[in-house]
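A closer look at the structure
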Amino acid sequence: MSRWWIRADVFSRALAAYHGLPFVRLADGEPDADLLNAADVDVYLQNLVIPWRRRDGVLQLATCEPGPKMLLFARARWGAAIEFVVASKFDIIEAVQRRFSADLSHGAVHELEETDPEMSARRVISRGQAIAMYLMVTALAAGLAFEPLATIITLNALLTLFYFGSFVFKGVLVWAGGIGQLASARAIDAEVRLLRDEDLPTFSILVPMFREPDVLPILVRALRNLNYPLAKLDVKIVLEESDHETIEAARALHLEPIFEIIIVPPSQPQTKPKACNYALRFARGEFLVIYDAEDKPEPDQLRKVVAAFRRAPASTACIQCRLNYFNSRENWLTRIFTLDYSLWFDLMLPGLQKLGAPIPLGGTSNHFRIAVLRELHAWDPFNVTEDADLGVRLAQRGYSVGVIDSTTFEEANCSIANWIRQRSRWIKGYMQTMLVHSRRPVKLARAIGPLGVTSFVFFIGGTALSGLLNPLCWGIFLLWFATSTTSLSPLFPPVLLYFSLVNLIAGNGLFIYLMMIAPFRRRWTGLTPWALTVFGYWVLLSIAAYKALGQLIFKPFYWEKTDHGLSTHTKREAALAVASDARTRSQGAVAPASP
Amino acid sequence: MMRTIPYLSVGAATFAAFTGLLAWLALHGFVSAESLELTGKGIAARDGAMTLREFALIFPPLPNLASLAIQWGVSPAIPAPAIASAAIVGTLAVLWIRSFVQAGYAWSTAIFMATALICGPAFLSLACEGPSAPMLALGAWLMGSTAFRLRARANIVDLMGFSASLAYLALCHPFAAFIVLGFAPFIVLVLPPQVTSDSMIGGYLAVLFPVALVLGGAAYVSWIFTLDPLGLFRLLSARSGDLGFDGLSGGDMSYVRSGPLAAWPAYALLVLLNAPVLLGGLRLMRRRLPRAMPLVALIAAVPLGGMLADVLGFSFPMLLMVAPLTGFAAAAVAVLPLEEQRPILVLLLVAAGALGSAATLRLAPDAETPQWVAAMAGRQVETIAIAEHDLGAALRGRNDVLIDALSSPGILAGRASARGLVVPLSAGFEMTRLSRRPATRYIAVSSADSYRRERDAVHAIFPTLYASGLPGYARIYDHLGWRVYERLQLADGG
């Protein structure tokens, strides 16, 4: 079925005949609503079995996987008075969805908030945080009123310390991340070679999409090309009910049954994490990964992840793969964006892993142990960088995240306006994450330790804060440079001036240098000179940071949609994917479309 | 922990032995000009005579900051430059022995080779003069080691280490900056081909950016404080001849003044004498030529650096070149393929380098070599910076002295304190500069014929003071190019 050699309904009928069981279509004969229990939804979806009817005191269960294993499971669950009917997998899933759509939708939105409200970004600022902010603003106002010079010098000193700490920490991270990388990659490669297909677990793949029908073929092609038994893939294409365009496009592709289309009912907030939470209930794998629609994971990625999980301690809940771009050389923005991503995923995240600090997960290609994900109530639908937040929550619960040398290639944003939309969402999400996890600072510090707190401050808080503060520093520098004014001199006592100079030269220089060496791992040294133009990128970052701050205040849960498919490279990729699909069908490898 | 104890023991023993050697030299009167200068700067910093400007403009910063840190962090009483030298030599011993052992040499062979490298007479004499030379050797070793690793593994840490070592070199000695320049054309031999295949410029930029940042940063700081971005480099150019050597020449080969091309054979001879293992290494690694490419770059770096310095008007003592060559030799030893060669061959090459080092000391001594040799032999010598030292000693107990002690910190070392001196950038000195009328009881000035004239701020204010004196002031000191005047009425009254 995973290769369309046989249609799902034909297979199910054959299976029913083989076992001597009746075949039913649940769309025609709905399950008895009284027999279904909302608390058992996960049991139905993960085992693909559902109570259908009761006849003469015997419970009839509809399943698509009849056999001894199912019999044992069902007897343990519902007792001996049971009998089976066979239904297709899709019928069972759709029946559960029809019956429990409202419950699933409610859970997707509110589960985390209802179980652990302090960990939810639903409330932007807690009462304690509001009081602390009020006190700080009062102290600042009082300082400016009574001791303005001392207050400004103190602020200046704090700013200088923040920048100094930030660049030292990032330098250390890159250095630490580079040590032993090759050995670790070789060990995983060796483990991958030892993996047999039959030992591989079922792997769930979530592909949340919204209004991006054109890029769907790229992902389908990439997933078909994965070096993993297709029968062990459990792919969920997660679509919003209102997104008719993408739903039609997905159906028109006549995908093989490993691809399931999950329609998320409308509710607020309409965010990717909410859609993923909804789809998570349907996932049946031991591991789960999220890919974006235009993603192209390296073919051996899932095998590497399984090998990495086997090598890692049981506390490793997630393996983050690297992200990078397939259209890196399209224009200036894609080049710098590629440098930024290379720095983040190739150099810094391995450093965080090496130091045992919390890792703010990237948007896609993070592979979870599905049980841990459910234990943590999955993603926060109110946080617009739900993965970064989840990374910190994992660390707080004592779980670790591994980083491996396998890349998923994506489409780099090639439009400045689109990039600012995307980055403003990320920065807003980082602000939300910072606010959520600083509500219980002592608990946080105890859970993740001093290094974790440093990483949390400089990596999550620092990213947002530097974007906001940079224009201020540039303004002061430009004012001094253009006018040679001495009016700023009192604000820079000698030691502070020296530190500020170090920050200006060494700090900015180090960040440029890190950008320069970022593509080294991939041997993309052609991008290196572009790091000299990174200042323009920092300006864009600051614009995005202020937009993010505005949105945090006025539209905290609004999901700034990033348009995909703008790149000429992506269009080419999509055309190639469609052509490849057609070629495969014409060669007869794919069965005729199933309704 | 158990594995680090032997290395720590080696480091501690080397530190103790080298400190003992320095004490022996001091006992026989040998105190190098570099040590005096660093000590003087430490005293100036301790007594608040150095402003932020002086701190920011310190070059080369690493030896200065190392000795300042020791003076502040440990005790102002101890001879900080000597401790800094000993600490770096101890570190070199640990790092080199560790790298040799990791390369597969027996402990005894590793210790013998490290000893031969460190105790090569030319290198040892340089190390006794101050921390600059061992720092230079450390930078050269880092540069060489990371260059070999980068070529072999193409790892990001090796790239960072390599470019950081180049930046470090530029900060530890002006001559080292020329080595980096000399090395630049050969970086292509260090970068793995898979890195340069996408872009040669990108590879070069990733390696050289930190050096450019360091030098650009120095120019920027110079511009901030003096409004002259090239001021620091001009100062260095003017002082390169007497950086730690007080402007006195040694033997015939100690300075090359006959043009860079004519100097080439001398530089080549230095490489041959002090680092035969580099040349022998090419032969030993002939079957792994791609991996041996950095050797070619290391062989060329020092001679080319020397030639560039000559072309640009800097003149460094040739003996100084022994320091980077020793570091390069140590880096090369650790990459020679032991499985194909007998370690004895490498060991012989290193031993030959030690003999070559002795020959270098004879052929190209620097200004302080004769005193060092004599003091090593147990004969009493006079420090070469005797002029500053004596002046400082004469000014002990005298306050209210107008003097540019920051340009000649040896004076402070001789006086043991900066208190009571009116030095450049202090309010009193600047008032005198503006009014051109002295207000202090004493004025000290250097001779118009002296090489110090260029940098003596008192001489700049009173150009005829040394020769003609000042009305109302009487000469009370005249020795080795320095004169001190005292205000008459106070002298009479005093």
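Here is what the cut-offs are and how they apply
Residues numbered from 1 in each chain as written. Chains lettered and ligands numbered in written order. Predicted model: local features only at pLDDT ≥ 70, side-chain atom pairs only at ≥ 80, totals over all residues. Heavy atoms only, no water. Helix = DSSP H or I, 4+ residues; strand = E, 2+ residues; numbered from the N terminus. Buried < 20%, exposed > 50% of the residue type's maximum accessible area, 1.4 Å probe, protein only. Areas by Shrake-Rupley, 256 points an atom, 1.4 Å probe, with all protein chains shown as cover. Contact = heavy atoms within 4.5 Å. Polar contact = N/O pair within 3.5 Å; in protein donor to acceptor, adjacent residues only side chain to side chain. Pairing = 2+ DSSP bridges. Axes fitted to C-alpha atoms, helices over the stretch in contact; angles between N-to-C directions. Salt bridge = Lys/Arg side-chain N within 4 Å of Asp/Glu carboxyl O. Phe/Tyr/Trp six-rings, centres within 6.5 Å; stacked < 30°, edge-to-face > 60°. Buried area = accessible area lost by both parts, 1.4 Å probe. Nonpolar A, V, L, I, M, F, W, Y, C, P; charged D, E, K, R; others polar. Right-handed = clockwise from strand over helix to strand, strands pointing away. Domains from an automatic or database assignment. Parallel < 35°, antiparallel > 145°, perpendicular 65-115°, else oblique. Left-handed = near helix turned anticlockwise from the far one by under 90°. Patch = residues over 30% accessible without salt bridge, like charges linked within 9 Å, V, L, I, M, F, W, Y side chains within 5 Å. 1 Å grid on protein atoms, 1.4 Å probe; cavity = no way out; pocket = protein on both sides within 12 Å on 5 of 7 lines; lining within 4 Å. Points joined across faces, edges and corners; volume = space filled by probe spheres on them.

Some thoughts on the overall build of chain B
- Along chain B, the regular secondary structure elements total 26 helices and five strands.
- Across the 494 residues of chain B, 59% fall into the buried class.
- When the accessible surface of chain B is totalled, it reaches about 18900 Å², and 65% of it is carbon and sulfur.

As for the environment of A:Arg421
Residue and element names in this part refer to chain A.
- Tracing the chain through its elements places Arg421 in helix α15 (residues 416-437).
- Sequence separation between Arg421 and Trp559 is 138 residues; the distance between their C-alpha atoms is 9.4 Å.
- The residues touching Arg421, leaving out its near neighbours within four places in the chain, are Lys547, Glu560, Lys561 and Asp563.
- Within polar-contact distance, the side chain of Arg421 engages the side chain of Asn418 at 2.9 Å.

A word on the sheet that holds strand β2 (residues 58-63) of chain A
Residue and element names in this part refer to chain A.
- Strand order in the open sheet formed by three strands is β1-β2-β3, with mixed pairing between adjacent strands. Here the strands that pair on one side only, and so sit at the sheet edges, are β1 (49-55) and β3 (82-86). Going across the sheet, the axis of each strand differs from the next one's by a mean of 30°, ignoring polarity.
- Bridge count between β1 and β2: six bridges; the pairing is antiparallel. Directly across from Pro51, in β2, lies its bridge partner Leu61.
- Across the sheet, helix α3 (residues 68-78) touches β1, β2 and β3, and the angle it forms with β3 is around 130°.
- In the packing of helix α4 (residues 89-115) onto the sheet, the strands contacted are β1 and β2, and the crossing angle to β1 comes to about 80°.

With respect to the pattern of salt bridges
Residue and element names in this part refer to chain A.
- Tallied over the entire structure, the rule returns 42 salt bridges over all chains.
- Linking Asp405 and Arg322 is a salt bridge whose minimum nitrogen-to-oxygen distance equals 3.4 Å. Of this pair, Asp405 sits in strand β11 (residues 400-410) while Arg322 sits in strand β9 (residues 316-325); the two residues are 83 residues apart in sequence, bridging distant segments of the chain.
- By relative accessible area, Arg322 is classed as buried at 3%.
- A salt bridge links Arg397 to Glu375; the shortest N-O distance between them is 3.3 Å. With Arg397 in the loop between α14 (386-396) and β11 and Glu375 in helix α13 (residues 370-375), this pair connects stretches of sequence that are 22 residues apart.
- Exposure remark for Arg397: the relative accessible area of 46% places this residue in the partly exposed category.
- Among the charged side chains, a salt-bridge network with shared partners connects Lys89, Asp234, Lys236, Glu260 and Arg284.

Observations regarding the packing of aromatic side chains
All names here are of chain A.
- Here the structure, examined in full by the defined rule, presents 36 aromatic pairs over all chains.
- Between the aromatic rings of Phe164 and Phe167, the centroid separation amounts to 5.3 Å while the plane-to-plane angle is 80°, which identifies the pairing as edge-to-face. A residue pair is termed a helical-turn pair when its members lie 3 or 4 positions apart in one helix, as Phe164 and Phe167 do in helix α6 (residues 148-178) at three residues.
- The exposure class of Phe164 is partly exposed, given its relative accessible area of 27%.
- A ring pair is formed by Phe164 and Phe499, whose centres lie 5.2 Å apart and whose planes are at 85°; its orientation type is edge-to-face. Pair noted here: Phe164 is in helix α6 and Phe499 is in helix α17 (residues 494-517), with a separation of 335 residues, a long-range link.

Topic: the sheet that holds strand β1 (residues 401-402) of chain B
Residues and elements named next belong to chain B.
- Read across the open sheet, the five strands follow the order β2-β1-β3-β5-β4; overall the sheet is mixed. Only two strands of the sheet have a single neighbouring strand rather than two, namely β2 (421-422) and β4 (473-479).
- Where β1 meets strand β3 (residues 442-446), two bridges bridge the pair, whose relative direction is parallel. Along β3, the bridge assignment pairs Leu402 with Ile443.
- The strands that helix α21 (residues 386-394) touches are β4 and β5 (482-487); relative to β4, the one it contacts most, it runs at about 135°.

Overview of the environment of B:Leu425
Residue and element names in this part refer to chain B.
- Inspection of the secondary structure puts Leu425 in the loop between β2 and α23 (427-435).
- Residue class for Leu425 comes out partly exposed when judged on its relative accessible area of 33%.
- With 372 residues separating them in the primary sequence, Leu425 and Arg53 have C-alpha atoms 9.0 Å apart.
- Not counting the four nearest positions on each side in its chain, Leu425 is found in contact with Thr51, Arg53, Glu54 and Glu430.

Brief notes about the interface of chain A and chain B
- Opposite the 33 residues of chain A that make contact, chain B presents 31 residues.
- Interface area, chain A with chain B, both sides summed: about 2700 Å², of which 80% is carbon and sulfur.
- Summed over the shared surface of chain A and chain B, the result is one salt bridge.
- In this structure, B:Asp198 and A:Arg329 form a salt bridge, with 2.9 Å as the shortest nitrogen-oxygen distance.
- Inspection of the region where chain A meets chain B yields seven residue pairs in polar contact (both at pLDDT 80 or more).
- Those elements giving two or more residues to the side of chain A that touches chain B turn out to be α6, α16 (441-483) and α17 of chain A.
- Per-element tally for the side of chain A that touches chain B: the top contributor is α17(A), with 13 residues.
- Taken together, the residues that form the side of chain A that touches chain B break down as 25 nonpolar, six polar and two charged.

Side note on the pairing of β3(A)
All names here are of chain A.
- Within β3, four of the five residues are buried, which leaves the element mostly enclosed by the surrounding structure.
- Of the strand pairs in this sheet, β2 and β3 are connected by five bridges, and their pairing is parallel. Residue pairing across strands places Thr63 opposite Val86, the latter belonging to β3.
- On the question of chirality, the crossover connecting β2 to the parallel β3 by way of α3 is right-handed.

Side note on the domain arrangement of chain A
Residue and element names in this part refer to chain A.
- What the domain assignment reports for chain A is domain 1 (8-115) and domain 2 (124-595).
- Taking only C-alpha atoms into account, the centre of domain 1 sits 38 Å from that of domain 2.
- The interface is formed by 19 residues belonging to domain 1 together with 23 residues belonging to domain 2.
- Buried area between domain 1 and domain 2, summed over both chains or domains, comes out near 2000 Å², and the portion from carbon and sulfur atoms is 58%.

Examining the packing of helix α16 (residues 276-284) of chain B against helix α17 (residues 289-311) of chain B
Residues and elements named next belong to chain B.
- Running from N to C, α16 and α17 cross one another at 150°; their axes reach a closest spacing of 10 Å. Considered as vectors, α16 and α17 are oriented roughly antiparallel to each other. The two elements α16 and α17 meet at a crossing, and its hand is left-handed. Judged by residue contacts, Leu278, Leu279, Gly281 and Leu282 of α16 engage Ala292, Leu295, Val296, Leu298 and Ile299 from α17.
- Of the residues belonging to the contact of α16 with α17, the class tally is eight nonpolar, one polar and no charged.

Overview of a nonpolar patch on the surface
All names here are of chain A.
- Together, Leu140, Leu144, Ile152, Leu155, Leu158 and Leu161 line one region of the surface with nonpolar side chains, adding up to about 510 Å² of accessible area.
- Elements with a contribution of two residues or more to the nonpolar patch: α5 (127-146) and α6.
- Sorting elements by how many residues they give to the nonpolar patch places α6 first, with four residues.
- Inspection of the secondary structure assignment puts Leu140 in helix α5.
- Judged by relative accessible area, Leu140 falls into the partly exposed class, the value being 33%.

Overview of empty space enclosed by the protein
All names here are of chain B.
- Tallying each qualifying case throughout the model produces four cavities of 30 Å³ or more.
- Size it by volume and the second largest cavity reaches roughly 70 Å³.
- Taken together, Ala116, Leu117, Gly120, Phe123, Asn274, Val322, Thr326, Val350, Gly353, Ala354 and Ser357 form the lining of the second largest cavity.
- Of all the elements in the fold, those that place two or more residues in the lining of the second largest cavity are α6 (107-118), α18 (322-333) and α19 (343-363).
- It is α19 that provides the largest number of residues to the lining of the second largest cavity, a total of four residues.

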